[in-house]
Number of protein chains: 2
Amino acid sequence: MIMNQPIRIAIVGYGNLGRGVEAAVARCPDMSLSAIYSRRPAASIQTLFGNAPVYEMEALNGRANETDVFVLCGGSKEDLPRQGPQLAALGNTVDSFDTHARIAEYFSAMDEAARAAGHTSIISVGWDPGLFSIHRVLGEAFLPDGDTYTFWGKGVSQGHSDALRRVEGVADGVQYTVPIERAIEQVRSGARPRFSPRQMHRRECFVVLKDGANADAVRQAIVSMPHYFDEYETVVTIVDARTLDAEHRGMAHGGFVIRSGRTGSDHEQRLELGLSASSNPELTSSILVAYARAAVRLHRMGKIGAHSVFDVAPGWLSLKSNEQLRAEWL
Amino acid sequence: MIMNQPIRIAIVGYGNLGRGVEAAVARCPDMSLSAIYSRRPAASIQTLFGNAPVYEMEALNGRANETDVFVLCGGSKEDLPRQGPQLAALGNTVDSFDTHARIAEYFSAMDEAARAAGHTSIISVGWDPGLFSIHRVLGEAFLPDGDTYTFWGKGVSQGHSDALRRVEGVADGVQYTVPIERAIEQVRSGARPRFSPRQMHRRECFVVLKDGANADAVRQAIVSMPHYFDEYETVVTIVDARTLDAEHRGMAHGGFVIRSGRTGSDHEQRLELGLSASSNPELTSSILVAYARAAVRLHRMGKIGAHSVFDVAPGWLSLKSNEQLRAEWL
């Protein structure tokens, strides 16, 4: 599926994810970067390569026809629910929407906006949701008599770090989600255990206190926070701001999706996807860019409206032709 | 994508793979088994569940309209190149054709036969080719600056075992492909090594001699066999027939596909798919059955001709609706 013209990508939102997209597009010979849109003043923005114009968001309406697909790099909480449908009305989009509880609602809003305008959107792209989701669906389809386990980490959870920072007395903080090795081993053994949340993951918090805050009170407020921490073994370590910056700003992450099941009378089968990312946002960006390619193809096939990774065949993600893929990778 | 009528599956070829398909269909509430076709006399065949009629191959022509998709369970070397196009002319098919060097030729023959008759075929389905192939394409699409490594085993290679048994003086034999642990560790380290074949896999052969055969001559003939063994560290162990049957008839297999790459300036990323199967043919069968479901869907979408796993979106493999998949697995 070689394209005659490069796919013109625009980045909407220029934080870690947006910079990752800029770097990923530079590695794709079938793509060019048409624009970077930001909420910040365009003049204040230093891009990685400086080879695409930077505009403020307001310029987007008048420039949509310069772009084949918008890669939405805003946050799932504040930005995407508002920006997503607006952008889907202007062109094809891909995004990494990851608020699981609101996916159905977001999908509907994107589907409606994209259909009305004749555009194609792929939502919730990245490694989880995204690559891990694909593996969960394949695992269930291939081993219907089985159980699926997802382990995350060790890596920083933004949602849990945000929750930490909302605790009274906390000036700053970082939360690592840590998979429990013994649980992974149990799953690998084929035992198909039933786990409570605390049996699968541990939560490690590094917290900087505000002046005069009481360490014990902060600790207690964190470990008892419903949903986020109370169901887990949570370890809170008080550090100073310098230590937090020096030791806890890394963006590594990882995880496993394991499908453990049986076939025939009693044959154990295990499919395990493991991921180790030294930069979580850059991995998500790289996956977004491959799905941007797929979004353009879906659009050319006449598939308008919202889609998820479940609607995208593997070959549509590659810049190689089907014939070449069969020769090289089948 | 709930179907109103069960998908009617027919098994063509009733060996290990065929029996695995019979067991896998029984686990799929959206499928029914319409027939089992075999080259052996129908009366001589004892099926697992006895709930589908058994016919000899000759009956197939007159009964094709009782089936929505034929699952071809013959061998890649002798059976599929001949049977595949014949069956594709009669109905939709899935198969596990795995002779890599002849995939392009087989794809063409299947595509021509299926197109002429308005049917849909999915070729080369299973774990490798199949699931591993998908992971190789995703890995390259997500991490274009990277290297892909496939390790197989420990498990029996049929092709290499067949090669063993053709050696003069060999009465029977089994060959295990064994991945070299140190090589896997090097890949996981992010070093992106270049390997020769012998650095990735070792070959362990268990051989029963014919009466009067010379053990040293047999050993020498095996380890020097071009392509199959000469490029590897090959260990030949002479055993008696009873030991071979007691200890080397297991069907476990496994392997890894690892994509190791970089994003941004220098961030290492690793995507690793691991598989552990206690029954290699049953895992392949279970995957074939999921793709049988996809073949029927492709056909209903009007996608006729031959396809590979690269043309099949993950959601088409599942009996669940897209909405349900998004709610449960995204």
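Residues numbered from 1 in each chain as written. Chains lettered and ligands numbered in written order. Predicted model: local features only at pLDDT ≥ 70, side-chain atom pairs only at ≥ 80, totals over all residues. Heavy atoms only, no water.

Caption draft 1: Spotlight on the interface of chain A and chain B. At the interface, 62 residues of chain A touch 63 residues of chain B. Roughly 5900 Å² of surface becomes buried between chain A and chain B when both sides are summed, with 61% attributable to carbon and sulfur atoms. The largest contributions to the chain A side of the interface with chain B come from F142(A), W329(A) and L330(A), which together make up 15% of the buried area. The shortest N-O distance in the salt bridge between E140(B) and K320(A) comes to 2.7 Å. Within the residue set of the side of chain A that touches chain B, elements represented by two or more residues are α4 (103–117), α5 (131–142), β12 (253–263), β13 (267–277), α11 (280–300) and α12 (322–329) of chain A. At 11 residues, β13(A) tops the list of elements feeding residues into the side of chain A that touches chain B. (Contact = heavy atoms within 4.5 Å. Buried area = accessible area lost by both parts, 1.4 Å probe. Salt bridge = Lys/Arg side-chain N within 4 Å of Asp/Glu carboxyl O. Helix = DSSP H or I, 4+ residues; strand = E, 2+ residues; numbered from the N terminus.)

Caption draft 2: Structural context of helix α12 (residues 322–329) of chain B. Residues and elements named next belong to chain B. When we look at burial in α12, the residues that qualify are L325, R326 and W329. Down the axis of α12, the sector holding all buried residues measures 110°, keeping them to one side. Turned more than 90 degrees away from the buried face of α12 sit E323 and A327, all of them exposed. (Buried < 20%, exposed > 50% of the residue type's maximum accessible area, 1.4 Å probe, protein only. Arc of directions from axis to C-beta.)

Caption draft 3: Summary view of the relation of the copies chain A and chain B. Overlaying chain A with chain B gives an RMSD of 0.1 Å, the required rotation being 180° about an axis along which the chain moves by 0.0 Å. A rotation of that kind, with that shift, is consistent with a two-fold axis. Residue A313(A), judged by its C-alpha, is the member of chain A lying nearest the rotation axis, at 1.9 Å. Here 100% of the contact residues of chain A are again contact residues in chain B; the copies associate through an equivalent surface. (Least-squares fit on C-alpha atoms with pLDDT ≥ 70 in both.)

Caption draft 4: Representation of the side chain of S260(A) in the model. Position of S260(A) among the secondary structure elements: in strand β12. Other than its neighbours up to four places away in sequence, S260(A) contacts G146(A), D147(A), V187(A), G190(A), R192(A) and Q269(A).

Caption draft 5: Local environment of the pattern of salt bridges. Applying the stated criterion to the full structure yields 48 salt bridges over all chains. Notably, a salt bridge pairs R270(B) with E272(B), separated by 3.0 Å at the nearest N-O pair. Assigned by exposure class, R270(B) and E272(B) land together as buried. Overlapping salt bridges bring together R27(A), D145(B), D147(B), R192(B) and R194(B) as one network.

Caption draft 6: Structural context of the pairing of strand β4 (residues 69–72) of chain B. All names here are of chain B. Side chains V69 and V71 of β4 all project onto a buried face; the interleaved residues F70 and L72 project onto the opposite face, where all are buried too. Bridge count between β4 and strand β5 (residues 92–95): 4 bridges; the pairing is parallel. Across the sheet, L72 pairs through a bridge with D95, a residue of β5. Between the parallel elements β4 and β5, the chain passes through helix α3 (residues 80–90) in a crossover that is right-handed. (Pairing = 2+ DSSP bridges. Right-handed = clockwise from strand over helix to strand, strands pointing away.)

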